[in-house]
Amino acid sequence: MRATRTSLAAGLAALTLLAVSACGGDDGGEAGGGGGGGSAEVEVFTWWAEGSEKEGLDALVEVFDTQNADFEFVNGAVAGGAGSDAKNVLASRLQTNDPPATFQAHAGAELTDYIEAGQIEGLSTMFEEKGWNELFPEGLLERLQQDGEIYSVPSNIHRANVVWANSSVLQEAGLDPKATYASLDEWIAALEKVEAAGKIPLSIATDWTQVHLLETVLLADLGAEAYNGLWDGTTDWAGAEVTAALEDYATLLEMTNTDRQSLDWQDATQLVIDGEAAFNVMGDWAEAAFATAGKTFDTDYVAFPVPGTDGVFDFLADSFTMPVGSPNPEGTEAWLDTVASAEGQEAFNKAKGSIPANIEADTAEFGPYQQTAIESWTNDEIVSSLAHGAAASVSWLTDVTAAVAKFGSNNDVAELQESLVAAAETHAAS
Amino acid sequence: MTTTSTTPVVPVTPPQRRLKRRTTRAWVGPVLLMLPTIVVLAVFVYGLIGANLLTSFQDRHTRGPSEGWAGFENYRLLFADDTFIYSLRNLLFYTVTFLLGTLVLGFLWAWLLERGAKGESLFRAVYLFPMAVSFIASGVVWRWLLNNAEGERSSGLNRLFGDLGLDFLQNPWWTHERWGIIAIAVPAVWQLSGYVMALFLAGFRGIPEELREAARIDGASEWQLYRHVLFPQLSPVALSAIIIIGHMSLKVFDLIMAIAGQTNYTTQVPATQMWIEFTRGDYAKASAIGMVLLLIVAVLIVPYLVATYRQERRR
């Protein structure tokens, strides 16, 4: 009897503790979430909650604080799901007319849903007045526009069509690390040599990284112009060229690690860093992983554009918006000012490992890989990335991802093409 | 004398009042106690089911506001969608495996403990412990255990099979197009078998010893004892277990998210598909999937509730 009483008391005590701590958590949430209250507060909504992304945001906030003494930055970051959790939270806030002062979104087509729902303001006038049209390259401004209007301020640029390779694995397989490959076919021949040497030729991870690979293969086989045509309807998804590209993709996928579905991009890149795989196709945020592992660019590892895409820069950018009904429009404007400024872009991109979108930013202190990316950014033709929201709307990308995921389990090229055609028909019109 | 005329009234009225007061009290108390629950249920369960039903009949496939009514069009499109049919099929495979696995293992363990295995309390704890872990937490571990790499790079269970010289057992686990979903049921069975065991064990313990003695005196063999005396007594427990495990199985979401992630094709079930549609802003399709799931669960639960209700009334 006494024992039951004691355990009952212990249980009650534990529950009380839980209740108390739960209340505490609630209070914390209120303080953080009610960013719209005071006019001096600027709530910036992102999914940059850890790693180099968090460091970049912190650096940007530092610049914001020195440029704007009268505004107070409020961090509205929502972690998890590579941004998908944040997007769900944001969607419900926008629907209930409780927008943050500004939110992060991939620049380009990913903004379509917000624009159609009338949730973000056009910024073309602001770009005009503040002279931002001269700060950003013309090719980028073109890709940012939807029906002639710009809706967001880009903070950084990443390149998606990059191959990362481990020099020593290449040498073991009898390949020259400095070699360049003019086409996918040449590269596939090299991959076969790696396979013969008993290493993983090409490492890859879960579904979105497969979409990422597919996009670079399409770009390589179709060329920049036809690739752009996929998104505006001038290139036929059902065409023979697309079929050929999909077959190349199938060949490449056969030479990847079998456990791809269990991995995320970091794991796939790690396979190259650890010397288990020769090549990995990933955006240039992979650079940070090599740097963290203490590898030296051009000696331990090499990076080059995906074969067949030399001279093309497959870009994606993060950007910030002006929501309709911002609780603090002046604060939003101040934040966008900082994001667009050369100082802001220098601080942010140096920490995040990307390159500034602003051409006036001083990039002398950036790393050796970033220098090559900056050079390509100014000289190359710019196209929009599919896997990262620049080329197609979220809904279109969801359908493409589903088709690619299915292909991963049944390797049916014809079915993949059918699904891609269907996705394009549904979404290209709207 | 005048007071005498009123006397017959006096003894009558107070009890009436008392009775009234008692009935009002008896009525107000429980209702006040239940009111918060009723209001919360009405708003957050039935109200939201209603709202979901309305959304599923609308033309609302973007994050923007609804563009009018669509009737049953959303449902028609849903059942014309191969992926949805595939995910329904997956759900069926998963539920059957999960149910059979937990019932068979749970019963077996309960039976062994009931037979007086040594160290009963230890085993009871060991079998029951996995239930204390959340599906997300165990999913993270099982993601590694069920890694599908074979040969040199294998890890988890495939590595174990390789090291034991049982290479033929190595398999692609949840990445297999047809049977992959059954691999997801493995951790679920591991986690809930102990719970079913506890249910059965309670069932066994609830059967009075006299019944067994009586059966034995009547000359029943051990099998006859189980078949005609114990099993009938356990059938309500088995039914509860089926209902509990069955509805958990239909809701499966967290385990798949933790092991395979939301976009993986081979482990699509209606719940993960609903999440994908919701995330991309196709609210109409997401809520249509939700309604179908609700119906499937209702088919399982409602007959059980009706039967329980009738039983209770008979008492």
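Everything quoted here is computed from the prediction, not taken from an experiment. (Residues numbered from 1 in each chain as written. Chains lettered and ligands numbered in written order. Predicted model: local features only at pLDDT ≥ 70, side-chain atom pairs only at ≥ 80, totals over all residues. Heavy atoms only, no water.)

A. Molecular detail of the overall build of chain B. A tally of helices and strands in chain B yields 13 helices and zero strands. Taken from N to C terminus, the helices and strands of chain B fall in the order α-α-α-α-α-α-α-α-α-α-α-α-α. For a compact globule of 315 residues, the expected C-alpha radius of gyration is about 20 Å, and chain B comes in at 28 Å, more than 25% above that figure. For chain B, with 315 residues in total, the buried portion stands at 37%. Intrachain contacts of chain B at a sequence separation of at least 6 include 69% that bridge at least 24 residues. When the accessible surface of chain B is totalled, it reaches about 18,200 Å², and 69% of it is carbon and sulfur. (Helix = DSSP H or I, 4+ residues; strand = E, 2+ residues; numbered from the N terminus. Rg over C-alpha atoms; globule rule 2.2 N^0.38 Å. Buried < 20%, exposed > 50% of the residue type's maximum accessible area, 1.4 Å probe, protein only. Contact = heavy atoms within 4.5 Å. Areas by Shrake-Rupley, 256 points an atom, 1.4 Å probe, with all protein chains shown as cover.)

B. Region of the structure containing the domain arrangement of chain B. All names here are of chain B. Split into domains, chain B comes out as domain 1 (2-56) and domain 2 (81-314). Between domain 1 and domain 2, the C-alpha centre-to-centre distance is 43 Å. Between domain 1 and domain 2, the contact holds five residues from the first and seven residues from the second. Both sides of the domain 1 and domain 2 interface together cover about 460 Å² of buried area, and 73% of this is carbon and sulfur. Taken together, the links from domain 1 to domain 2 amount to zero salt bridges. Partitioned by chemical class, the residues of the side of domain 1 that touches domain 2 number two nonpolar, three polar and no charged. (Domains from an automatic or database assignment. Buried area = accessible area lost by both parts, 1.4 Å probe. Salt bridge = Lys/Arg side-chain N within 4 Å of Asp/Glu carboxyl O. Nonpolar A, V, L, I, M, F, W, Y, C, P; charged D, E, K, R; others polar.)

C. Here's a closer look at the pattern of salt bridges. Under the criterion given, the structure shown has 24 salt bridges over all chains. With a closest N to O distance of 3.2 Å, B:Arg280 and B:Glu277 form a salt bridge. Each of the two residues, B:Arg280 as well as B:Glu277, counts as buried. Bridged by salt links that share partners, the residues A:Asp399, B:Asp81, B:Glu277, B:Arg280 and B:Lys285 form one connected network.

D. Representation of the interface of chain A and chain B in the model. Contacts between the two partners involve 28 residues from chain A and, on the opposite side, 23 residues from chain B. Across the chain A/chain B interface, buried area totals approximately 2,300 Å², and carbon plus sulfur atoms make up 45% of it. Considering only the surface of chain A that becomes buried against chain B, A:Asn88, A:Gln261 and A:Ser262 emerge as the three largest contributors, covering 22% of it. Run the count over chain A and chain B and you get three salt bridges. Across the pair A:Asp399 and B:Arg280 runs a salt bridge, and its minimum N-O distance is 2.6 Å. The interface formed by chain A and chain B holds 12 residue pairs in polar contact (both at pLDDT 80 or more) in total. Elements supplying a minimum of two residues to the side of chain A that touches chain B: helix H3 (84-95) and helix H16 (394-410) of chain A. The biggest single contributor to the side of chain A that touches chain B is H16(A), with nine residues. (Polar contact = N/O pair within 3.5 Å; in protein donor to acceptor, adjacent residues only side chain to side chain.)

E. Geometry of helix H8 (residues 180-205) of chain B. In this model, H8(B) (26 residues) spans 38 Å end to end at C-alpha, consistent with the 38 Å of a helix rising 1.5 Å per residue. The largest bend in H8(B) amounts to roughly 35° and is located at B:Leu192. (Expected span 1.5 Å × (residues − 1). Bend = angle between axes of the 7 residues up to and from the residue.)

F. View of the packing of H3(A) against helix H12 (residues 270-279) of chain B. It is the contact of H3(A) with H12(B), at a shortest axis distance of 10 Å, that shows an interaxial angle of 60°. As far as their axial angle goes, H12(B) and H3(A) are oblique. On H12(B), the residues touching A:Ser84, A:Asp85 and A:Asn88 of H3(A) are B:Trp275, B:Phe278 and B:Thr279. Broken down by class, the residue content of the contact of H3(A) with H12(B) amounts to two nonpolar, three polar and one charged. (Axes fitted to C-alpha atoms, helices over the stretch in contact; angles between N-to-C directions. Parallel < 35°, antiparallel > 145°, perpendicular 65-115°, else oblique.)

G. Representation of the environment of B:Leu199 in the model. Among the structural elements, B:Leu199 can be located in helix H8. For the pair B:Leu199 and B:Leu234, spaced 35 residues apart in sequence, the C-alpha separation works out to 9.6 Å.

H. Region of interest: the sheet that holds strand S7 (residues 162-166) of chain A. Residues and elements named next belong to chain A. A sheet is described by the order of its strands in space; here four strands give the open sequence S8-S9-S7-S10, paired in mixed fashion. Two strands close off the open sheet at either side, each with one partner strand: strand S8 (200-203) and strand S10 (301-305). Each neighbouring strand pair of the sheet contributes to a mean axis angle of 20°, computed without reference to strand direction. Pairing geometry for S7 and strand S9 (residues 277-281), over three bridges, is antiparallel. Its bridge partner being in S9, Trp164 is matched across the sheet by Asn280. On top of the sheet, helix H8 (residues 184-196) reaches S7, S8, S9 and S10; it is set at about 125° to S8, its chief contact. (Pairing = 2+ DSSP bridges.)

I. Highlighting H12(B). Among the 10 residues of H12(B), seven are classified as buried, and the element is accordingly described as predominantly covered. Among the residues of H12(B), B:Pro270, B:Ala271, B:Thr272, B:Gln273, B:Ile276, B:Glu277 and B:Thr279 are the ones counted as buried. Summarising the contacts, the buried residues of H12(B) are in contact with H3 and H16 of chain A together with helix H4 (82-114), helix H11 (254-259) and helix H13 (283-314) of chain B. The first or second residue beyond H12(B) is B:Gly281, which carries a positive phi of 90°.

J. Broad picture of the domain arrangement of chain A. Residues and elements named next belong to chain A. If you check the domain split of chain A, you get domain 1 (41-156 + 318-366) and domain 2 (162-314 + 386-429). Its C-alpha centre places domain 1 at a distance of 28 Å from the equivalent point of domain 2. Tallying the contact residues gives 10 residues for domain 1 and 10 residues for domain 2. Buried surface at the junction of domain 1 and domain 2, both sides included, amounts to about 740 Å², of which 54% is carbon and sulfur.

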